[in-house]
Amino acid sequence: MKILILITTFMASISIASQNKKVLFVLSAADTLELNSGQKKRQTGVFLNEFYLAYKSVVAHGYRVEFATPNGLISTIDEESINDKYWKNQIEVKNEALSFVKKDSAYNNPITLEKAIENESDYIGLLIPGGQGLMVDLMYDAHIPILLKQFAKDNRPTGLICHAPS
């Protein structure tokens, strides 16, 4: 429910006059979270429902999405996020999301964060979905503060879901 409120707030802040603009989704490309000083490793990535429900909402409102990750690597989905408990009564949406990440050309060919900075004026908004993966790469990436500061300076909407504020 919190995700839907965040997405609705984000969508309400985007100007209707800018329907032909794109929204930039910045995703983690990390796939491993090291715990206990590297003694234990856990599979990680982007949380599927936090990403896909936001994506569906943005596209349903007529916007195009461009995906960016560090080094233009394909984002990894956190396997835990595929568990039905995160999807409640939306199992068909989960299956749609899994199909999307396997088949969508834009998702499977993200641009680099450097390219996103070059193109930042093309985007009406910025959205960073959660998942623990972003604490491995995005949290330390030098390009993230540049993007966030530019969007804030221009008063463009920025959505940060779950772990993204870290």
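No experiment lies behind these values; they were computed from the predicted model shown. (Residues numbered from 1 in each chain as written. Predicted model: local features only at pLDDT ≥ 70, side-chain atom pairs only at ≥ 80, totals over all residues. Heavy atoms only, no water.)

## As for the pattern of salt bridges
Then, in step 1: Counting across every chain of the model gives six salt bridges.
Then, in step 2: The salt bridge involving Glu96 is made with Lys56; its shortest N-O contact spans 2.8 Å. With Glu96 in helix α3 (residues 91-103) and Lys56 in helix α2 (residues 48-60), this pair connects stretches of sequence that are 40 residues apart.
Then, in step 3: Owing to a relative accessible area of 34%, Glu96 belongs among the partly exposed residues under this scheme.
Then, in step 4: In this structure, Lys115 engages Glu118 in a salt bridge whose closest nitrogen and oxygen atoms are separated by 3.7 Å. Within this pair, Lys115 and its partner Glu118 are both found in helix α4 (residues 113-118), separated by three residues, close to a single helical turn.
Then, in step 5: Glu118 gets classed as exposed once you look at its relative accessible area, which sits at 58%.
Then, in step 6: One network of salt bridges, with partners in common, ties together Glu120, Asp154 and Arg156. (Salt bridge = Lys/Arg side-chain N within 4 Å of Asp/Glu carboxyl O. Helix = DSSP H or I, 4+ residues; strand = E, 2+ residues; numbered from the N terminus. Buried < 20%, exposed > 50% of the residue type's maximum accessible area, 1.4 Å probe, protein only.)

## Things to note about the sheet that holds strand β7 (residues 158-160)
Then, in step 1: Spatially, β5-β4-β1-β6-β7 is the arrangement adopted by the five strands of the open sheet, whose pairing is parallel. Edge positions in the open sheet fall to β5 (111-112) and β7, since each of these has one partner strand only. (Pairing = 2+ DSSP bridges.)

## A word on the nonpolar core
It is characteristic of soluble globular proteins that their nonpolar side chains tend to be buried jointly.
Then, in step 1: In this structure, Phe25, Leu48, Phe51, Tyr55, Phe67, Phe100 and Tyr107 are the most contacted members of the largest nonpolar core, which totals 25 residues.
Then, in step 2: When residues of this core are traced back to their parent elements, those giving at least two are β1 (22-26), α2, β4 (64-69), α3 and β6 (123-128).
Then, in step 3: Ranked by size, the runner-up nonpolar core spans 15 residues in total, among them Leu24, Ala116, Tyr123 and Ile128. (Core = buried A, V, L, I, M, F, W, Y, C linked by side-chain atoms within 4.5 Å.)

## Concerning the packing of aromatic side chains
Then, in step 1: Under the counting rule described, the total for this entry stands at 16 aromatic pairs.
Then, in step 2: A centroid spacing of 6.3 Å and a plane angle of 80° characterise the contact between Phe25 and Tyr55, whose relative ring orientation is edge-to-face. Of the two residues, Phe25 is situated in strand β1 and Tyr55 in helix α2; the sequence distance between them amounts to 30 residues. Comparing Phe25 with Tyr55 shows no difference in burial state: the two are buried.
Then, in step 3: Note on Phe67 and Tyr107: the rings are 5.7 Å apart at their centroids and 80° apart in plane angle, and the pair reads as edge-to-face. Here the residue Phe67 occupies a position in strand β4, and Tyr107 occupies one in the loop between α3 and β5, the gap between them amounting to 40 residues.
Then, in step 4: Take Phe67: its relative accessible area is 2%, and that puts it in the buried class.
Then, in step 5: A relative accessible area of 3% places Tyr107 in the buried class. (Phe/Tyr/Trp six-rings, centres within 6.5 Å; stacked < 30°, edge-to-face > 60°.)

Nothing here speaks to function; it is all geometry.
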